[in-house]
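Here is what each chain is made of, one letter per residue.
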Amino acid sequence: MSRDLGLIIPEIAIVITAVLALVAEMLRRPRLALIATVVGLLAAALLTIPLFGEDTTVFLGTYRIDDLSLWAKVIILPATALSAILFIPEIRGTDREGTVYSLLSFVAAGSVILAGAGDIMFIVLGVLISSLGSFVLVAYPRDDRATEAAMKYFVFGSVTGAMMIFGLTYWFGATGSTLLSELDRLDGRELAGIAGLLGVLIGLGYKASIAPFHFWAPDAYDGGPVAAAAFISIVPKIGAIFGIAQVMRSLPESAVEWPLLIALLAAFSMTFGNLAALVQTNLIRLLAYSSIAQAGYFLLAIVALDRSDLDISALVVFAAAYAAMNLGAFAVVGWAGRDLEGFRGVGRTLAPWHGAAMVIFLLSLVGVPPLGGFVGKLLLFGAAIDAGYTWLAVVGILNTVLSLAVYLRVIVPMYQPADGDAVSGESRSIARTSITVLSVLLTLGIGIGAQVILTTTI
Amino acid sequence: MFPLLTLTVFLPLAGAILLVIASQIGLSPRTSHAIGIIISGLTLISALAVWLRGVDGEFSQIEQVEWIPSLGAGYRLGVDGISLPLVLVTTVLFFASLIFSAEIRERATAYVALFLALETACLGVFLSLDLVLFYVFWEVTLVGMYFIIAGWGHEHRQRAALTFFIYTLLGSLPLLLGILALYLEGDPRTFDMRAIIADPPLSGSIATFAFAALFIAFAIKIPIFPVHTWLPTAHVEAPTAGSVILAGVLLKLGTYGLLRIGLQMTPDAFRDAAPYVAIIAVISALYGAFIALAQSDLKRLVAYTSVNHMGYVALGIAAAAAATSAGDRDFALDGAVLQMVSHGIVTGALFLLVGMVQERTGTREMGEISGLLGRVPRLGWAFILAAFASLGLPGLAHFPAEFQIFLGTFGVWPVAAAIVVIGIVVTAGLYLRAIQAAFLGPSPDGSNDDASGTSRFGDLSFREIGAVGPLLVLTVAIGVYPTMLLDAIHRTIDLLPV
């Protein structure tokens, strides 16, 4: 038992952080809540580092401590801390400010649990914990738009959650256990296998906003604060994707032909996300559809699980790059406004530095070297080809071309002459600027220093 | 050993970063241009030092550091007889372009910084000995060129820049696919180009597939008919110096890739596909020549002759892939590599001169210009010299290159060689027509001069001579004494397996 507790110190630290933030809010000290959140989450991330190299389970095999779950913590926790900072300009001085920071920690805890799930119950728990907090974050502004968005998000979450639990009962019924490692027993029970798989894909696909389970995403992103969109597009998504990976690793192909299903899902999500993003005029919605497409790219690594040496590396590197570039892109949007028209002339004269940063984030989302997104996609495509899914890699590459059109729709106007009163620039804040700078450094750093991640995952 | 290659590659980037930082405290356009010219001059000297240090047939002066060892990707640079001439021509053209650009006042710092960054990327492509590094530099050239066209081009620049970017990015993705195939089939897996060249990992249908992907990627860049359509728009809209770099350096990336990766890394698949590549190359060369013949815009004309000249290069490389005797192969490849150099120098000079004509007359339409030779004799004679070089006159740069390509091709496919020579006749015709229309003939008696301002109608200025003069000298030098480059080229070509 004490060994188990030693291995989940980071998780414990997250929960303590969340509670501390809540206590600070009760004392009406929101600034203290913010500091507790940032320091606590970064400390939890640091506490993860000594655990690298572990590949074991705790609590009777129900929770996994392995490369995936450890890297999930190292990516998710700093991303959450940075999201908290990104929230500052939008919520400073409002009523209930501190609750946001506390909720961020809770959602991060749920996402981390998903990424380490070794048991069906942890999957359900992770989805529920991370969802509940997310609903509230979206609804935070308490205006009509936000309430409607949160409502939509909530209804979708309830329905998909119910379907997931319904599907998972088949697995439980067929194997007599909630452990993922017992899924071997599904061998030959195709119907039960498919029912459970569909349940998992619906439930986690909703969390990861994989098309066709994405309908809530554009509304929820656009309804709430920009920082909430940044956070929801990164943390719960990475948790859910890693959760899918944990499930699929344990699911025998003899029970269900899951790689093909995931491959189709990946192709659909990439293509749909990019096509839909192509016609958006609201930048948040554009980034929402782009994140749906990026979720599709993630699935390439899951298709390659156990068939390629690059599988886990691809997931981790792309997740890290995705977190950095997406956070940065949302930070710039938070500064420049949601309207695509507002970006006219930003890079040329109005704010060349913000413009240059945005170009780096968007090109990284496309996958242009030497940025982080490139190394991630290189590994993803390599893993898919290695696993025998060359057609999927080709679809991915074609989608990369398509996505270029999406992001150029933002980049091109930035370098056209400004209409005059495009960006006011008064909403500049130190918090956003520092997040932008940090994201640029991380996007570049992950591209050039990918070896740091790969040494532990290959 | 002093890392001269790294210095050569990254010196321009260091200059660009310096400019960006210095721009925070305010820089006059003059200072920016001076810094740009000095940095690109130093880069040229550094490239010459690489040459003087001695280049063997094998990759030499190798500099390597581990980068992502788990993937077998590293920072590896090296130079051989194929890359050396291209490095030299790249540094010369950037130097000349920055001298020519010294009059640009609009956002001069950003302009110079972009050019310098682009120079680093181009040199990086030629000197990389690692496929990941190669791809990184390859992609960065796209971004750099996009911003140069979009920022300082002519009226439809946004659309031209976008076409260029999307087209060439579309082309670089099959390249990624081909690189991944080369990597995944390797044993052990590595991105080290030397290892892959020494033992080409692909065979059978995967090799064919990989070569097809690579060929599409390089064909777009070269560009070969029918995927050349981005080229005329990009050239017409690009600023003059941008055109020089686009034609002189960026197109070479395509033929360099076809030679380095296509020929050296998938030799068997290339041999099987060589006849088809040759047919496309012949069509491309002739198509380029005939379409150029139909142009009335001088810049479009020069742009289309690039399609013609690059078609010869592709033909030479295809002939080398199919050649069964070392003699034919040597002729074809020596010629192809030299042709890349000659085309860079000569076309660079032509684009500069067309830019100068446009600055003076305000138009590039041949029909609206006449009698330039009388009014600006130095500019006129410079254009005539460059045009004669471009049409392949003996004693000038293109002749030894094209001669060897045709000789090598003749040994492999006599019919193809016989057909493609028609291209020479057509280019001769079109250049003579251009010279006759724009440079000979009566000078319009001052009627145009008053409107456009006589002050702009001087002959070549000091700056212009500084930019175009060295290129013309090199045109003659390569034509008269090609051995200075062919020695190094041949040492490498000779080592390739037949």
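The rules behind these values
- Residues numbered from 1 in each chain as written.
- Chains lettered and ligands numbered in written order.
- Predicted model: local features only at pLDDT ≥ 70, side-chain atom pairs only at ≥ 80, totals over all residues.
- Helix = DSSP H or I, 4+ residues; strand = E, 2+ residues; numbered from the N terminus.
- Rg over C-alpha atoms; globule rule 2.2 N^0.38 Å.
- Buried ≥ 20, exposed ≤ 12 C-beta atoms within 10 Å, placed from the backbone.
- Contact = placed C-beta atoms within 7 Å.
- Pairing = 2+ DSSP bridges.
- Nonpolar A, V, L, I, M, F, W, Y, C, P; charged D, E, K, R; others polar.
- Axes fitted to C-alpha atoms, helices over the stretch in contact; angles between N-to-C directions.
- Parallel < 35°, antiparallel > 145°, perpendicular 65-115°, else oblique.
- Left-handed = near helix turned anticlockwise from the far one by under 90°.
- Expected span 1.5 Å × (residues − 1).
- pLDDT = per-residue confidence, 0-100.
- Core = buried A, V, L, I, M, F, W, Y, C linked by C-beta atoms within 7 Å.

Asker: Sorry, what's going on with the overall build of chain A here?
Answerer: Each helix and strand counted, chain A has 19 helices and two strands in total. Computed over the C-alpha atoms, the radius of gyration of chain A is 21 Å, within 12% of the 23 Å expected from 2.2 N^0.38 for a compact globule of 458 residues. Buried residues in chain A amount to 65% of all 458 residues. For chain A, the share of sequence-separated contacts (at least 6 apart) that also reach a separation of at least 24 residues comes to 80%.

Asker: Teacher, can you tell me more about the overall build of chain B here?
Answerer: Secondary structure summary: chain B contains 21 helices and two strands in total. By its C-alpha atoms, chain B is 70 × 60 × 40 Å across when sized along the principal axes. When the 498 residues of chain B are sorted by exposure, 62% land in the buried category. Of the contacts made within chain B by residues no fewer than 6 positions apart, 80% connect residues no fewer than 24 positions apart.

Asker: What is the right way to read the pairing of strand 1 (residues 60-68) of chain B from this model?
Answerer: All names here are of chain B. Pairing analysis gives six bridges linking strand 1 to strand 2 (residues 73-79), with the strands arranged antiparallel. Directly across from Ser 60, in strand 2, lies its bridge partner Val 79. Remark: four residues form the turn of the hairpin made by strand 1 and strand 2, two consecutive strands paired antiparallel; Gly 72 in that turn has positive phi of roughly 75°.

Asker: How should the interface of chain B and chain A be read in this particular structure?
Answerer: Accessible area lost upon the coming together of the parts is a frequently used measure of interface size. In this assembly, 22 residues from chain B lie in contact with 23 residues from chain A. Of all the elements in the fold, those that place two or more residues in the side of chain B that touches chain A are strand 1, helix 5 (131-152) and helix 6 (157-184) of chain B. A per-class count over the side of chain B that touches chain A returns 18 nonpolar, three polar and one charged.

Asker: Looking at this structure, I do not really get the packing of helix 12 (residues 283-303) of chain A against helix 17 (residues 390-414) of chain A. What am I missing?
Answerer: When two helices pack together, their arrangement is given by the angle between the helix axes and the distance between those axes. Residue and element names in this part refer to chain A. The geometry of helix 12 relative to helix 17 is characterised by a closest axis approach of 11 Å and an angle of 160° between their N-to-C directions. Considering their axes alone, helix 12 and helix 17 lie roughly antiparallel with respect to each other. Two packed elements cross with a definite hand, and for helix 12 against helix 17 that hand is left-handed. Facing helix 12, whose interface residues are Leu 283, Leu 286, Ser 290, Ala 293, Tyr 297, Leu 300 and Val 303, helix 17 presents Leu 392, Gly 396, Asn 399, Ser 403, Val 406 and Val 410. Across the contact of helix 12 with helix 17, the residue classes break down as nine nonpolar, four polar and no charged.

Asker: Would you take a moment to explain helix 3 (residues 83-100) of chain B for this structure?
Answerer: An α-helical turn contains 3.6 residues, so any two residues separated by three or four positions project in the same direction. Between its terminal C-alpha atoms helix 3 of chain B stretches 26 Å, which fits the 26 Å expected from 18 residues at 1.5 Å a residue. With respect to burial, helix 3 of chain B is a largely interior element, 18 of its 18 residues being buried.

Asker: What exactly am I supposed to notice about the confidence of the model for chain B here?
Answerer: Low pLDDT marks regions whose predicted coordinates should not be analysed in detail. Residues and elements named next belong to chain B. With 97% of its residues at a pLDDT of at least 70, chain B reaches an overall mean of 88. This model gives residues 447-455 a pLDDT under 50, and the stretch forms four contacts once residues within four places in sequence are excluded. Here the predicted complex carries an ipTM of 0.70, next to a pTM of 0.82.

Asker: Would you mind going over the packing of helix 4 (residues 108-127) of chain B against helix 5 of chain B with me for this structure?
Answerer: Residues and elements named next belong to chain B. Contact geometry of helix 4 with helix 5 gives a least axis separation of 8 Å together with a crossing angle of 155°. When the axes of helix 4 and helix 5 are compared, the pair comes out roughly antiparallel. Classified by chirality, the crossing of helix 5 by helix 4 is left-handed. Contact residues: Tyr 111, Leu 114, Ala 117, Leu 118, Ala 121, Cys 122, Gly 124 and Val 125 in helix 4; Leu 133, Phe 134, Phe 137, Trp 138, Val 140, Thr 141, Gly 144, Met 145, Phe 147, Ile 148 and Trp 152 in helix 5. Grouping the constituent residues of the contact of helix 4 with helix 5 by class yields 16 nonpolar, three polar and no charged.

Asker: Help me understand the nonpolar core in this model?
Answerer: Soluble globular proteins tend to bury their nonpolar side chains together. Within the largest apolar cluster, 408 residues are counted, with the highest numbers of intra-cluster contacts made by Leu 300, Val 303 and Ala 384 of chain A together with Leu 315 and Leu 353 of chain B. No other element matches the 21 residues that helix 13 (residues 311-336) of chain A contributes to this core. Filtering out sequence-adjacent residues up to four positions away, Leu 315 of chain B remains in contact with Ala 278, Ala 281, Val 282, Ala 285, Ile 405, Thr 409, Ala 416 and Val 420 of chain B.

Asker: It is not clear to me how the environment of Val 337 of chain B should be interpreted in this structure. Could you clarify?
Answerer: Residue and element names in this part refer to chain B. Following the sequence through the fold, Val 337 ends up in helix 13 (residues 326-361). Classification of Val 337 as buried rests on a count of 32 C-beta atoms within 10 Å. Put simply, Val 337 and Phe 406 are 69 residues apart on the chain and 13 Å apart in space, counted from C-alpha to C-alpha.

Asker: Whenever I open this one, unusual backbone geometry confuses me. Can you help?
Answerer: Where the residue is not glycine, phi is negative for most of them; where a peptide bond is considered, it is trans in most cases. Going from Ala 211 of chain A to Pro 212 of chain A, the amide bond is cis rather than trans, its omega being 5°. When you line up the elements, Pro 212 of chain A lands in the loop between helix 8 (190-207) and helix 9 (216-223). Residues Ile 222 of chain B and Pro 223 of chain B are joined by a peptide bond in cis, for which omega reads -10°. With phi around 60°, Arg 142 of chain A is a residue other than glycine that occupies positive phi space.

Asker: Looking at this structure, how should I read the environment of Asp 187 of chain B?
Answerer: The residue Asp 187 of chain B is located in the loop between helix 6 and helix 7 (193-198) in this model. For the pair Asp 187 of chain B and Pro 201 of chain B, spaced 14 residues apart in sequence, the C-alpha separation works out to 7.4 Å.

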